[in-house]
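# Fold and contact review
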Amino acid sequence: MNKIAKFGAALALVMGVAAAPAYADSTTTATEIQASGAVDAGKLIGRNVVDANGDTVGEIDSVMVGANGKVKAVVLDVSTWLQSEKLISLPWSDLAMTEDGAITSTLMKEDAKAAADYKYAAEDRRRKVLDEKGEIYADAGTTDTEMTTASGGDGTLLGTPIKNPDGSVNASQLVGLDIEDGEGDNIGEVGEVVIGSNGKLEGVLVDVGGFLGMGTHHVLLNWKDINLSGTGDDVKAVVNTTKENLKSLPEFTTKAEN
């Protein structure tokens, strides 16, 4: 399908919706995306970390996640900054995200020099998503191969599942997910994820035109009406709505009407 803007790195997570959105069937929100868990781990690899002046502090070499799939720390290559080869580990909580998507740190050179050198258990662990013990991370629904970022961290191979073992959802991985109605018919796939200024996932944009037998028609489905079953990337999404209700919904637009 022809998607509207794809939800890229799930880092800049605050989106304002210009007008009050129209949802399928109900209007309340349900799932809160936790700041430390709504990150696409694979896409972090290769990203630069900058200081308050925008100068590069280092490059993220690997990402460490906990058993629930949430990012806990990063391995940062500060060699260029320090003018000597060095990798260090930084807690994810020590990093911040600007509105334009830059990853920032208050790390000082003196602290980086004094920090312990990070050593990989094996060279093949580099530029991979790792668990907290430094081993290649994989949850019950993924293999080691799927968790690597051999493409250099451009996100082609991802390190974060759609649904974590604790039931939380990684918003960035919802893009492209097929949505079915209660009869098992595919009504479309997620083209974008909409998150309100309160940090809560409000809904997903889906092109239902094909299902309705018409041209491109994007509608905003309330997250409350979507039921996710399964774990990891083996997830099924079913929306609690009807064909008649989808026809009645206005096409969603990101631009406010005057």
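Everything that follows concerns the structure shown earlier in this document.
What you are looking at is a predicted structure, and each value in this text was computed from that prediction instead of being measured. (Residues numbered from 1 in each chain as written. Predicted model: local features only at pLDDT ≥ 70, side-chain atom pairs only at ≥ 80, totals over all residues. Heavy atoms only, no water.)

## Observations concerning the overall build of the protein chain
Secondary structure summary: the protein chain contains 6 helices and 13 strands in total. Within the protein chain, the proportion of its 258 residues that are buried is 48%. Excluding contacts between residues fewer than 6 apart, the proportion of contacts in the protein chain whose partners are at least 24 apart in sequence is 56%. (Helix = DSSP H or I, 4+ residues; strand = E, 2+ residues; numbered from the N terminus. Buried < 20%, exposed > 50% of the residue type's maximum accessible area, 1.4 Å probe, protein only. Contact = heavy atoms within 4.5 Å.)

## Observations concerning the pattern of salt bridges
Across all of its chains, the model carries 8 salt bridges by this definition. In this structure, Asp-61 engages Arg-127 in a salt bridge whose closest nitrogen and oxygen atoms are separated by 3.8 Å. Of the two residues, Asp-61 sits in strand β2 (residues 56–65) while Arg-127 sits in the loop between α3 (109–114) and β7 (129–131), which places them 66 residues apart along the sequence. By relative accessible area, which is 4% here, Asp-61 ends up buried. A salt bridge links Lys-236 to Glu-180, with the shortest nitrogen-to-oxygen separation between them at 3.7 Å. Of this pair, Lys-236 sits in strand β13 (residues 234–239) while Glu-180 sits in strand β8 (residues 178–180), and the two are 56 residues apart along the sequence. (Salt bridge = Lys/Arg side-chain N within 4 Å of Asp/Glu carboxyl O.)

## Considering the sheet that holds strand β10 (residues 201–207)
Spatially, β11-β10-β9-β8-β13-β12 is the arrangement adopted by the 6 strands of the open sheet, whose pairing is mixed. Each end of this open sheet is capped by a strand with a single partner; those strands are β11 (218–222) and β12 (226–231). Strand-to-strand twist of the sheet, defined as the mean angle between neighbouring strand axes without regard to direction, takes the value 40°. With 6 bridges connecting them, β12 and β13 associate as antiparallel partners. In the strand pairing of β13, Asn-227 is matched with Val-238. (Pairing = 2+ DSSP bridges. Axes fitted to C-alpha atoms, helices over the stretch in contact; angles between N-to-C directions.)

## Focus: the packing of aromatic side chains
Summed over the entire model, instances satisfying the criterion amount to 1 aromatic pair. For the ring pair Tyr-118 and Tyr-120, a centre distance of 5.1 Å and an interplane angle of 85° mean the geometry is edge-to-face. Accessibility expressed as a relative area gives 17% for Tyr-118, which makes it buried. One residue, Lys-243, lies across the ring of Phe-211, its end atom 5.1 Å from the ring centre. (Phe/Tyr/Trp six-rings, centres within 6.5 Å; stacked < 30°, edge-to-face > 60°. Lys NZ or Arg CZ within 6 Å of the ring centre and 35° of its normal.)

## Description of the nonpolar core
Among the nonpolar cores identified, the biggest contains 27 residues, and Leu-174, Val-193, Leu-221, Leu-228 and Leu-246 are the most heavily contacted of them. Looking at which element gives the most residues to this core, the answer is strand β9 (residues 186–195), with 4 residues. By size, the runner-up hydrophobic cluster in this structure holds 23 residues, among which are Val-49, Ile-88, Trp-92 and Ile-103. (Core = buried A, V, L, I, M, F, W, Y, C linked by side-chain atoms within 4.5 Å.)

## Let's talk about the side chain of Lys-86
Inspection of the secondary structure assignment puts Lys-86 in the loop between α2 (79–82) and β4 (87–91). Given a relative accessible area of 9%, Lys-86 falls into the buried group. A distance of 2.6 Å separates a polar side-chain atom of Lys-86 from the backbone oxygen of Ala-115. Those residues within four positions of Lys-86 in sequence are excluded, and the remaining contacts are Leu-76, Asp-77, Val-78, Ser-79, Ala-112, Lys-113, Ala-114, Ala-115, Ala-116 and Asp-117. (Polar contact = N/O pair within 3.5 Å; in protein donor to acceptor, adjacent residues only side chain to side chain.)

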